[in-house]
Every structure is written in structure tokens, then in C-alpha cells.
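Next come the chains, spelled out residue by residue.
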Amino acid sequence: MTEAANIEHQKRRQAEFVNDEQQRLLEIEDMRLVVKFGEKKRYSDQECQAIYQELVEAGLDEEARRNPDAIEAVFRELNAVDEAAAARCYFSG
């Protein structure tokens, strides 16, 4: 097996073993991505980076950005703001 194939094989095996915290974080990320960019099968790296930039702008420090509860709280707040703005646009014409 070539070096590149071996690395790819290891990545796939690691992807099979996602712990509960990692799964929760993926679900939280998906929640924000759907609200911000619409429902898609796959999101670009730039879109994923954009939602984490929002955490920085919200003032979360490095430690808080590793805390799923803190991330979820910020994303819920941002989602509520975005959903309210979308509703205002929808109902205002």
C-alpha cells in the first residue's frame, strides 16, 4: 500500500470511530451551517471557517471554542437572530 493510500485508509478508519462529543459537535456545526447557508449535502471549507469565525467575533476564547456547550449557546443565539431576520424579510415582502 502506498503512503498516500495508507494515510487515506487511516483517515477512513478514524472517521468510523467518532465519540459522543465529536458527534454532538458535528450536529451543532450542521445546525449553524443549515441556518446560515441553507441545507446542502456538503459545505465548503470557507463556509465551515465562517461559522467558527463567528465564535471568535462573539468573543469566545480558545478554551471556550473547544467547549460544545459554549459553541451551541452562541450558535443558537446566532440562529435565532438569522431566523428572525429571514422571517422579517419574508413577511415584509
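Calculation criteria
- Residues numbered from 1 in each chain as written.
- Predicted model: local features only at pLDDT ≥ 70, side-chain atom pairs only at ≥ 80, totals over all residues.
- Heavy atoms only, no water.
- Helix = DSSP H or I, 4+ residues; strand = E, 2+ residues; numbered from the N terminus.
- Buried < 20%, exposed > 50% of the residue type's maximum accessible area, 1.4 Å probe, protein only.
- Contact = heavy atoms within 4.5 Å.
- Salt bridge = Lys/Arg side-chain N within 4 Å of Asp/Glu carboxyl O.
- Expected span 1.5 Å × (residues − 1).
- Arc of directions from axis to C-beta.

Attention shifts here to the overall build of the protein chain. Each helix and strand counted, the protein chain has four helices and zero strands in total. When the helices and strands of the protein chain are listed from N to C terminus, the series reads α-α-α-α. Per-residue burial over the protein chain gives 19% buried out of 93 residues. For the protein chain, long-range pairs separated by at least 24 residues make up 45% of all intrachain contacts whose partners lie at least 6 apart in sequence.

Let's shift gears to the pattern of salt bridges. All told, the structure shown has eight salt bridges when counted by the stated rule. Between glutamate 54 and lysine 36 there is a salt bridge, with the nearest N and O atoms lying 3.1 Å from each other. With glutamate 54 in helix H3 (residues 45-57) and lysine 36 in helix H2 (residues 20-37), the pair connects residues that are 18 residues apart, well separated along the chain. A residue is classified by how much of its surface remains accessible, and lysine 36, at 34% relative accessible area, is partly exposed. Here the salt bridges share partners, and the residues they tie into one network are Arg24, Asp69, Glu72 and Arg76.

Bringing H2 into the picture now. In this model H2 runs 25 Å from its N-terminal to its C-terminal C-alpha over 18 residues, within 8% of the 26 Å that 1.5 Å per residue would give. Burial in H2 covers these residues: Ile28, Glu29, Arg32 and Leu33. Buried positions in H2, seen along its axis, are confined to an arc of 135° and lie on one side of it. Where H2 is buried, its residues touch H3 and helix H4 (68-92). Note on H2: the residue one or two positions beyond its end, glycine 38, has a positive phi of about 85°.

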